[in-house]
Number of protein chains: 4
Amino acid sequence: MIRPIDLNADLGECLGPGAPEDDADLLDIVTSANIACGFHAGNPDTMARTAARAAACGVALGAHPGLPDRQNFGRHAMALDADQVCSLVTYQIGALAAFARRYGHSLHHVKPHGALYHMAEQDTATAQAIALAVWEWDPQLCVYGLSGGHLLRAAREQGLRTAAEVFADRTYQPDGTLTPRTQPDALLYDPDFVAERMVQLVMTGKLTAVDGTELTLAADTICLHGDTPSAVERIRALRDALVEQGIPVHRP
Amino acid sequence: MIRPIDLNADLGECLGPGAPEDDADLLDIVTSANIACGFHAGNPDTMARTAARAAACGVALGAHPGLPDRQNFGRHAMALDADQVCSLVTYQIGALAAFARRYGHSLHHVKPHGALYHMAEQDTATAQAIALAVWEWDPQLCVYGLSGGHLLRAAREQGLRTAAEVFADRTYQPDGTLTPRTQPDALLYDPDFVAERMVQLVMTGKLTAVDGTELTLAADTICLHGDTPSAVERIRALRDALVEQGIPVHRP
Amino acid sequence: MIRPIDLNADLGECLGPGAPEDDADLLDIVTSANIACGFHAGNPDTMARTAARAAACGVALGAHPGLPDRQNFGRHAMALDADQVCSLVTYQIGALAAFARRYGHSLHHVKPHGALYHMAEQDTATAQAIALAVWEWDPQLCVYGLSGGHLLRAAREQGLRTAAEVFADRTYQPDGTLTPRTQPDALLYDPDFVAERMVQLVMTGKLTAVDGTELTLAADTICLHGDTPSAVERIRALRDALVEQGIPVHRP
Amino acid sequence: MIRPIDLNADLGECLGPGAPEDDADLLDIVTSANIACGFHAGNPDTMARTAARAAACGVALGAHPGLPDRQNFGRHAMALDADQVCSLVTYQIGALAAFARRYGHSLHHVKPHGALYHMAEQDTATAQAIALAVWEWDPQLCVYGLSGGHLLRAAREQGLRTAAEVFADRTYQPDGTLTPRTQPDALLYDPDFVAERMVQLVMTGKLTAVDGTELTLAADTICLHGDTPSAVERIRALRDALVEQGIPVHRP
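Residues numbered from 1 in each chain as written. Chains lettered and ligands numbered in written order. Predicted model: local features only at pLDDT ≥ 70, side-chain atom pairs only at ≥ 80, totals over all residues. Heavy atoms only, no water.

1. As for the overall build of chain A
Then, number 1: Secondary structure summary: chain A contains 8 helices and 9 strands in total.
Then, number 2: In summary, chain A has a C-alpha radius of gyration of 17 Å against a globular reference of 18 Å for 252 residues, a match within 12%.
Then, number 3: The principal-axis extents of the C-alpha atoms in chain A amount to approximately 40 × 35 × 35 Å.
Then, number 4: Here chain A, with 252 residues, has 61% of them falling under the buried criterion.
Then, number 5: In chain A, of all internal contacts separated by at least 6 residues, the share reaching a separation of at least 24 is 69%.
Then, number 6: Entry remark: accessible area of chain A is about 9,300 Å², with carbon and sulfur atoms responsible for 51%.
Then, number 7: Here chain A contributes 19 positive and 31 negative side-chain charges, whose respective centroids are spaced 4 Å apart. (Helix = DSSP H or I, 4+ residues; strand = E, 2+ residues; numbered from the N terminus. Rg over C-alpha atoms; globule rule 2.2 N^0.38 Å. Buried < 20%, exposed > 50% of the residue type's maximum accessible area, 1.4 Å probe, protein only. Contact = heavy atoms within 4.5 Å. Areas by Shrake-Rupley, 256 points an atom, 1.4 Å probe, with all protein chains shown as cover. Lys, Arg positive; Asp, Glu negative; His and termini not counted. Charge placed at Lys NZ, Arg CZ, Asp CG, Glu CD.)

Set out below in structure tokens:
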């Protein structure tokens, strides 16, 4: 039996012209959406609109909480204690849940954004604080996090469901971490190569790191980035390739 | 039978040293608290702390949503359509409700802040959008608004409970509106005079405007400002004066 | 003698991946750049980087001050008095000028962003406050504003140089104002048509409104939007078309 | 000959009612003012007003740059590289300098706020980046920083003037650092004791740490906090005590 895969994308992060339309296109392809909750990006309008569309498309709705740093898109780590991390996740979950409720949808998962995602991998107390905030809100929610990482472990220890996340357009280091964006070989651009690589990962659990090492990675959900030109086409191609191989594509 | 009165204060709006302590003192005196929700002021920490204290003190917990304008404390009116107003209130209610849930408390009321409060009085669509957001969240919530004003009418038409608000330390114009803060006689400082004036209003429904006109004003809740030196003492004196007259002091 | 034309673009407004690269491409084509100054968008990093590139490319550097509303990209009008408008323009000019100074460049112009641009057209006091802030900083600066509009008149009355701005990819109403973006025919997409239309405008001073009315419009600078896919190609095509007709393309 | 002392206060950090008035009172007592520049607190209005008053009172005007974190008053350290630190200081200096220019005043010094102040003490690259930003703007500016600390050393190495800062209402650890605010004995409240302690420090260069250790501390400027009730009275008492001892009180 083939393990199913989820396709997730971060939505509601852009304010420029055209962004809402792109997001709308993405919602026809992905099976779960992570909505920016107003700290690193997003606002009540984008959240209302994206939650309404996710409800209409039957896409799983997730909170995408970030650090309170709109000026830098939530990309700089901040010195926060566990209580502060827990509260900022609680706040953003509550805010998005209000829109889910308005549109008759419900919150399905939580996936931290940017520096908060990385802080959870580097500091156990941060990972536990995120897991606690999710559990306090609803023990049925699913936590999306780096495959094999600390956030998922903290979430499991808290009794939460988890989804191991892999990145379609990013390369991996021999230790299973992502190649930092600052390095030249961090990103993958060839849509055929990306599709083939992801199909192989889902079918075999194996992925090749930048130095040729064969990694064994759990993959419950693939993160897709819709923010580059032609992203929608690439993502559609990836979904088609997965479906063609008989891989069930749906939410975890 | 004497009509009961509620005492409300806006809390969690300051970040300076000492502010949390003052808020803590106020929570022993007031019967309902309006918590800044992170748009004009406040953050997840202040909301968590204040919600926890309100729960511990048995004080009615209210959302105090403002315009997304921390730089100016939510004091400048913004051109927002009804959908945008509704969504920004939904967002802030949801965020605070998450902390109420964490501390086993529940949301009791919503009172808009600053320019949003005034926009509701000047524009019916804004008043209706606020009422709709409250009703969508929970039809049992109470809306606090200017006594005799448009927000309360919109809330009643939406089927919501309402509390007519009067201001202890502000003077009134002959038409029942507040004297703008920019005018020299806008504020009242004498605690004895303020207490006497509020006791009279609650007992008789009458209040004297700046020009001597006798106003008839419904009063369900008195707004108290804790942000000036010696405010806590003045507020305690007011509460004592009300209680001395046999006026029940509790949430609406 | 053919009147020269300037090509301007709003830069440093995006934080998403790819944005800086696009901006870099645009700086090879345009002759003046309007840099977001941290209120509606932009941050010290984007300002430093864009100012450095503008200096290196010899592109005229302009401040693009907006309303303090990053959550909504400075698109909602705010109720501000003249002093407040003047101060927020002063602030943003000063901030950008510090980067100009760092890179040995100097500030050339000021062009308000979004709702502030439109507020200046609807309220004379706002237009005058902007002009005053520019003049107080440096009476030699140039003000970019809507061709035939109130901001340019206020700037001229203040003794400032002005550049009449037209929009390449927007349609016009019979009264010379832009068709609001909410209307279906607001935007022009065909690059050949846009180029032809702009060449005609620069050569003849005539532009056709949506209803066929022939408008007479001064055009010192054409605003280009780099935020849609393929924008760079379209903008290059427009520049080539202008140059081909012998129209000098340089800063005002 | 007695070494002169400067009295500095952080101004323009509050938006609550009464704040501007308190600031105005403080400007009659202090000899230098550090103005919040819109990142951790402050806005163009408070900057304009405070710069105008400082100019009128002949008080030395300083930039008080903070981290871009208004939600938490700039109190959480952020992971920023040296370029980013330099740029955010440049931005805030430029913004305040524009108001100094408007009111015929000039910038005299720079003193980082909150977490940025502490980051400079813990990370040499941060200290150097701040010093570089100040020097790039104007090599004549003075840097205020912790007496005996890393920021002052970096500033001196950059060729800048410096002022060693001590804190009137804070206690010190045996190593010369401030007792963290989270500890119960961090703050001093008795105005007579504070005045006596500061007079002794200025006259002798000696200060007693919490454990009785006698510290030797350079003191060019005393930081005063105006944000607690009765602060103005305490500060005036301190100034009077210094003057009574024949200590010259003026800017460094």
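2. Topic: the sheet that holds strand 5 (residues 142–146) of chain B
Residues and elements named next belong to chain B.
Then, number 1: Here we have 7 strands rolled up into a closed barrel, ordered 1-2-3-4-5-6-9, and parallel in their pairing. Across the sheet, the mean angle from the axis of one strand to that of its neighbour is 35 degrees, orientation sign disregarded.
Then, number 2: Bridging between strand 6 (residues 161–167) and strand 9 (residues 221–224) involves 3 bridges; their strand directions are parallel. Bridge assignment links phenylalanine 167 to a residue of strand 9, and that residue is cysteine 223. (Pairing = 2+ DSSP bridges. Axes fitted to C-alpha atoms, helices over the stretch in contact; angles between N-to-C directions.)

3. Looking at helix 4 (residues 114–122) of chain B
Then, number 1: Of the positions making up helix 4 of chain B, those classed as buried are B:Ala115, B:Leu116, B:Tyr117, B:Met119, B:Ala120 and B:Glu121.
Then, number 2: Buried-residue contacts for helix 4 of chain B involve helix 3 (82–102), helix 5 (124–137), strand 5, helix 6 (150–157) and strand 6 of chain B.

4. Section: the environment of A:Leu238
Residue and element names in this part refer to chain A.
Then, number 1: Considering the arrangement of structural elements, one finds leucine 238 in helix 8 (residues 231–244).
Then, number 2: Separated by 47 residues in sequence, leucine 238 and proline 191 place their C-alpha atoms 7.5 Å apart.
Then, number 3: Sequence-distant contacts of leucine 238, defined by excluding residues within four places in its chain, comprise Ala168, Val194, Ala195, Met198, Ile222 and Leu224.

5. Some thoughts on the pattern of salt bridges
All names here are of chain D.
Then, number 1: Scanning the entire structure with this criterion turns up 16 salt bridges over all chains.
Then, number 2: Ionic pairing is found between lysine 111 and glutamate 165, a salt bridge with its closest N-O pair at 2.7 Å. Remark: glutamate 165 occurs in strand 6 (residues 161–167) and lysine 111 occurs in the loop between strand 4 (107–110) and helix 4 (114–122); sequence separation between them is 54 residues. Neither lysine 111 nor glutamate 165 differs from the other in exposure class; each is buried. (Salt bridge = Lys/Arg side-chain N within 4 Å of Asp/Glu carboxyl O.)

6. What about the relation of the copies chain A and chain B?
Then, number 1: Rotating chain A by 180 degrees and translating it 0.0 Å along the rotation axis places it on chain B, where the RMSD comes to 0.0 Å. Here the transformation between the copies is reduced to the relation of a two-fold axis.
Then, number 2: Both copies present the same face, since 100% of the interface residues in chain A are matched by interface residues at the equivalent positions in chain B. (Least-squares fit on C-alpha atoms with pLDDT ≥ 70 in both.)

7. Details of the sheet that holds strand 5 (residues 142–146) of chain A
As a general point, the strands of a sheet are linked pairwise by backbone hydrogen bonds and lie either parallel or antiparallel.
Residue and element names in this part refer to chain A.
Then, number 1: In spatial order, the strands read 1-2-3-4-5-6-9; together these 7 strands close into a barrel with parallel pairing. Shown here is a sheet whose adjacent strand axes are inclined to one another by a mean of 35 degrees, direction ignored.
Then, number 2: In this sheet, strand 9 (residues 221–224) lies alongside strand 1 (residues 6–11) in parallel orientation, the contact comprising 4 bridges. When the sheet's bridge partners are listed, alanine 9 is paired in strand 9 with leucine 224.
Then, number 3: Most of the contacts of helix 3 (residues 82–102) go to strand 3 (residues 60–64), to which it runs at about 150 degrees, and overall it touches strand 2 (32–36), strand 3 and strand 4 (107–110).

8. A look at the interface of chain A and chain B
Then, number 1: Chain A puts 22 residues into the contact, and the matching count from chain B is 22 residues.
Then, number 2: Of all residues in chain A, A:Tyr91, A:Arg102 and A:Trp137 give up the largest surface area on contact with chain B, accounting jointly for 34% of the area buried on that side.
Then, number 3: In this structure, B:Glu136 engages A:Arg102 in a salt bridge whose closest nitrogen and oxygen atoms are separated by 3.0 Å.
Then, number 4: The interface formed by chain A and chain B holds 12 residue pairs in polar contact (both at pLDDT 80 or more) in total. (Buried area = accessible area lost by both parts, 1.4 Å probe. Polar contact = N/O pair within 3.5 Å; in protein donor to acceptor, adjacent residues only side chain to side chain.)

9. A look at the side chain of D:His40
Residue and element names in this part refer to chain D.
Then, number 1: When you line up the elements, histidine 40 lands in the loop between strand 2 (32–36) and helix 2 (44–57).
Then, number 2: Here histidine 40 falls in the buried class, since its relative accessible area comes to 1%.
Then, number 3: Within the local environment of histidine 40, its side chain forms a polar contact with the side chain of histidine 113, the two groups lying 3.3 Å apart.
Then, number 4: Ignoring any residue separated from it by four or fewer positions in sequence, one finds histidine 40 in contact with Glu13, His64, Gly66, Leu67, Asp69, Arg70, Phe73, Gly74 and His113.

10. Description of the nonpolar core
Then, number 1: In this structure, A:Ile222, B:Ile222, C:Ile222 and D:Ile222 are the most contacted members of the largest nonpolar core, which totals 336 residues.
Then, number 2: With sequence-adjacent residues up to four places away left out, C:Ile222 is seen in contact with C:Ile5, C:Asp6, C:Leu7, C:Asn8, C:Val166, C:Ala168, C:Met198, C:Val202, C:Leu238 and C:Leu242. (Core = buried A, V, L, I, M, F, W, Y, C linked by side-chain atoms within 4.5 Å.)

11. Structural notes on the packing of helix 3 (residues 82–102) of chain C against helix 5 (residues 124–137) of chain C
Residues and elements named next belong to chain C.
Then, number 1: Running from N to C, helix 3 and helix 5 point in directions that differ by 35 degrees, and their axes come no closer than 8 Å. Every pair of crossing elements has a handedness; the one defined by helix 3 and helix 5 is right-handed. Residue-level contacts link Ala82, Val85, Cys86, Val89, Thr90, Ile93, Gly94 and Ala97 of helix 3 to Ala125, Thr126, Ala129, Ile130, Leu132, Ala133, Val134, Glu136 and Trp137 of helix 5.
Then, number 2: When grouped by side-chain class, the residues that make up the contact of helix 3 with helix 5 number 13 nonpolar, 3 polar and 1 charged. (Left-handed = near helix turned anticlockwise from the far one by under 90°. Nonpolar A, V, L, I, M, F, W, Y, C, P; charged D, E, K, R; others polar.)

12. Some thoughts on the packing of aromatic side chains
Residues and elements named next belong to chain B.
Then, number 1: With the rule as written, the count across this model stands at 10 aromatic pairs over all chains.
Then, number 2: Relative to tyrosine 91, the ring of phenylalanine 39 has its centre 5.0 Å away and its plane inclined at 50 degrees; by these criteria the two rings are tilted. Remark: tyrosine 91 occurs in helix 3 and phenylalanine 39 occurs in the loop between strand 2 (32–36) and helix 2 (44–57); sequence separation between them is 52 residues.
Then, number 3: The class of tyrosine 91 is buried, set by a relative accessible area of 1%. (Phe/Tyr/Trp six-rings, centres within 6.5 Å; stacked < 30°, edge-to-face > 60°.)

13. A few points about the pairing of strand 4 (residues 107–110) of chain B
All names here are of chain B.
Then, number 1: As paired elements, strand 3 (residues 60–64) and strand 4 share 3 bridges and run parallel to each other. The partner of leucine 61 across the bridge, within strand 4, is leucine 107.
Then, number 2: Taken together, strand 3, helix 3 and strand 4 form a β-α-β motif whose crossover is right-handed.
Then, number 3: Here 2 bridges tie strand 4 to strand 5, and the two strands are oriented parallel to one another. Looking at the pairing, histidine 109 lines up with cysteine 142 of strand 5. (Right-handed = clockwise from strand over helix to strand, strands pointing away.)

14. Things to note about the confidence of the model for chain A
Then, number 1: Per-residue confidence for chain A gives a mean pLDDT of 93; residues scoring 70 or more make up 95%.
Then, number 2: Quick note on the complex model: pTM equals 0.95, ipTM equals 0.95. (pLDDT = per-residue confidence, 0-100.)

15. Some words on helix 2 (residues 44–57) of chain C
Then, number 1: With 14 residues, helix 2 of chain C extends 20 Å from end C-alpha to end C-alpha; this agrees with the ideal 20 Å at 1.5 Å per step.
Then, number 2: Those residues of helix 2 of chain C that fall on the buried side of the exposure criterion are C:Pro44, C:Asp45, C:Thr46, C:Met47, C:Ala48, C:Thr50, C:Ala51 and C:Ala54.
Then, number 3: As for helix 2 of chain C, its buried residues are in contact with strand 1 (6–11), strand 2 (32–36), strand 3 (60–64) and helix 3 of chain C together with helix 3 (82–102) of chain D.
Then, number 4: Its side-chain oxygen at 2.9 Å from the backbone nitrogen of C:Asp45, C:Asn43 defines the N-terminal cap of helix 2 of chain C.
Then, number 5: Positive backbone phi, approximately 70 degrees, marks C:Gly58, located one or two places after helix 2 of chain C. (Expected span 1.5 Å × (residues − 1).)

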